[in-house]
Amino acid sequence: MSTSRPAAVHVGSCSSSSGSDSDVSATMDSTPVIVSVETIRCMRCAASIEVTSTDDPSIYGMVRISTNLYYCDRCAKKTGFK
Ligand SMILES: [Zn+2]
């Protein structure tokens, strides 16, 4: 019908070298996740829990005071850390 447009259909978008961005996002897939279990002990009442390295100790109620120093939830409340 009236769709006969002149030549401007083949507008080549200049030199698009396709196929170079496929290997960027696929590098982190096969990285092995090393999960280590460590025991966190409350420095006040010596209550201990075992957490894995992928866990946040706070989900167990442990409050981190400093490096490798934790209070349990109860002691944290008593000492004002929580
Ligand atoms: Zn405690």
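See above for the structure.
Residues numbered from 1 in each chain as written. Predicted model: local features only at pLDDT ≥ 70, side-chain atom pairs only at ≥ 80, totals over all residues. Heavy atoms only, no water.

(A) Geometry of the environment of Val35. Of note, Val35 is situated in the segment before strand E1 (37-41). Residues in contact with Val35, not counting those within four places in the same chain, are Thr52, Ser53 and Thr54. (Helix = DSSP H or I, 4+ residues; strand = E, 2+ residues; numbered from the N terminus. Contact = heavy atoms within 4.5 Å.)

(B) Layout of the packing of aromatic side chains. All told, the structure shown has 1 aromatic pair when counted by the stated rule. Taking the centre distance of 5.4 Å and the plane angle of 65° together, the rings of Tyr71 and Phe81 count as edge-to-face. Remark: Phe81 occurs in the segment after helix H1 (73-79) and Tyr71 occurs in strand E4 (residues 69-71); sequence separation between them is 10 residues. Exposure remark for Tyr71: the relative accessible area of 12% places this residue in the buried category. With relative accessibility at 46%, the residue Phe81 sits in the partly exposed group. (Phe/Tyr/Trp six-rings, centres within 6.5 Å; stacked < 30°, edge-to-face > 60°. Buried < 20%, exposed > 50% of the residue type's maximum accessible area, 1.4 Å probe, protein only.)

(C) Region of interest: the coordination of the zinc ion. Within the first shell, the zinc ion binds the protein through Cys42 (SG), Cys45 (SG), Cys72 (SG) and Cys75 (SG), at distances of 2.3 Å. Considering all 4 donor atoms around the zinc ion, angles at the metal cover 103 to 118° and the coordination shape is tetrahedral. Cys45 gets classed as partly exposed once you look at its relative accessible area, which sits at 41%. (Donors = N, O, S within 2.8 Å, 3.2 Å for Na, K, Ca; no water. Tetrahedral: all angles 85-135°; square planar, octahedral: opposite > 155°, others 65-115°.)

(D) Broad picture of the pairing of strand E2 (residues 48-52). Sheet topology places E1 next to E2; 5 bridges connect them, and they run antiparallel. If you follow Arg41 over to E2, its bridge partner there is Ser48. (Pairing = 2+ DSSP bridges.)

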